[in-house]
Amino acid sequence: MKSLEECEIYLVNISDEEPNSVFVYEVWSNENSHPLFLTLDSTQILIERAKPIITGRERISTLKPSGGKPILTNSIDNVISIKN
């Protein structure tokens, strides 16, 4: 993730209310970058390794930030919940 310029933020979170769930927060510079990321060999390897513990995936929201820090105004946010 560090070498992908299009990925502006990639955070893995655990909720106190749902300790068996992992929430991934992503910010991409444009909407086309994330699908391209999913096609990379390195990404496919990580997905295959994680499949045994993933019981579901849900796209919670796509947001268009209107300001703030440090997000650019043309960024796309994806909030994905991965349930275990």
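Parameters at a glance
In this convention, every chain numbers its residues from 1, walking through the sequence in written order. Local features are withheld for residues below a pLDDT of 70 in this predicted model, meaning they are given only at 70 or higher, and side-chain atom pairs are given and counted only at 80 or more; totals for whole chains, interfaces and linings count all residues. Derived side-chain values reflect all non-hydrogen atoms in the structure, with water molecules and hydrogen atoms excluded from consideration. Here a strand is any run of E in DSSP of at least two residues, a helix any run of H or I of at least four, and the numbering for each starts at the N terminus. Residue exposure (1.4 Å probe, protein chains only): buried if accessible area is under 20% of the type maximum, exposed if over 50%, otherwise partly exposed. Every residue pair with non-hydrogen atoms within 4.5 Å of one another is taken to be in contact. The protein chains shown are the only cover counted for residues, whose accessible areas, like all others here, come from Shrake-Rupley with a 1.4 Å probe. Only strands joined by at least two bridges in the DSSP assignment are considered to pair. When a carboxyl oxygen of Asp or Glu lies within 4 Å of a side-chain nitrogen of Lys or Arg, that pair is called a salt bridge. Whenever a nitrogen or oxygen atom comes within 3.5 Å of another N or O atom, the pair is scored as a polar contact, on the condition that within protein one atom can donate a hydrogen and the other can accept it, and that pairs from neighbouring residues in sequence are kept only if both atoms are in side chains. Residue-level confidence of the predictor is what pLDDT reports, using numbers from 0 through 100.

Chemist: Tell me what's going on with the overall build of the protein chain, and back it up with residues and numbers.
Modeler: On a plain count of helices and strands, the protein chain comes out with two helices and four strands. Listed N to C, the secondary structure of the protein chain is β-β-α-α-β-β in terms of helices and strands. A buried classification covers 26% of the 84 residues belonging to the protein chain. Nonlocal contacts in the protein chain, meaning residues at least 24 apart in sequence, comprise 47% of its contacts between residues at least 6 apart. Accessible area for the protein chain stands at about 6,200 Å²; split by element, carbon and sulfur atoms hold 55% of it.

Chemist: Lay out the pairing of strand S2 (residues 21-28) with the relevant residues and their values.
Modeler: Among the eight residues that make up S2, six are buried, leaving the element largely enclosed by the rest of the structure. Direction of pairing for strand S1 (residues 7-14) relative to S2: antiparallel, over a ladder of seven bridges. Each bridged residue has a counterpart across the sheet, and for Val12 the counterpart in S2 is Val24. Between S1 and S2, which follow one another and run antiparallel, lie six residues.

Chemist: Which residues make up the environment of Arg59, and what values do they have?
Modeler: Structurally, the position occupied by Arg59 is in strand S3 (residues 56-63). For Arg59, a relative accessible area of 51% puts it in the exposed group.

Chemist: Tell me what's going on with the pattern of salt bridges, and back it up with residues and numbers.
Modeler: According to the stated counting rule, one finds one salt bridge in the structure shown. Note that Lys51 is salt-bridged to Glu48, the shortest N-O span being 2.9 Å. Classification of Lys51 as partly exposed rests on a relative accessible area of 47%. The exposure class of Glu48 is partly exposed, given its relative accessible area of 45%.

Chemist: Could you give me a rundown of the side chain of Ser15, with the residues and numbers involved?
Modeler: Tracing the sequence through the fold places Ser15 in the loop between S1 and S2. Side chain to side chain, Ser15 and Glu17 meet in a polar contact 3.1 Å long. Separated by 3.3 Å, the side chain of Ser15 and the backbone nitrogen of Glu18 make a polar contact.

Chemist: Describe the confidence of the model for the protein chain, with residues and values.
Modeler: On average, the protein chain scores 77 in pLDDT, and the residues at 70 or more come to 79%. Mean pLDDT across the secondary structure elements of the protein chain bottoms out at strand S4 (residues 76-83), with 54, and peaks at helix H2 (residues 41-50), with 89.

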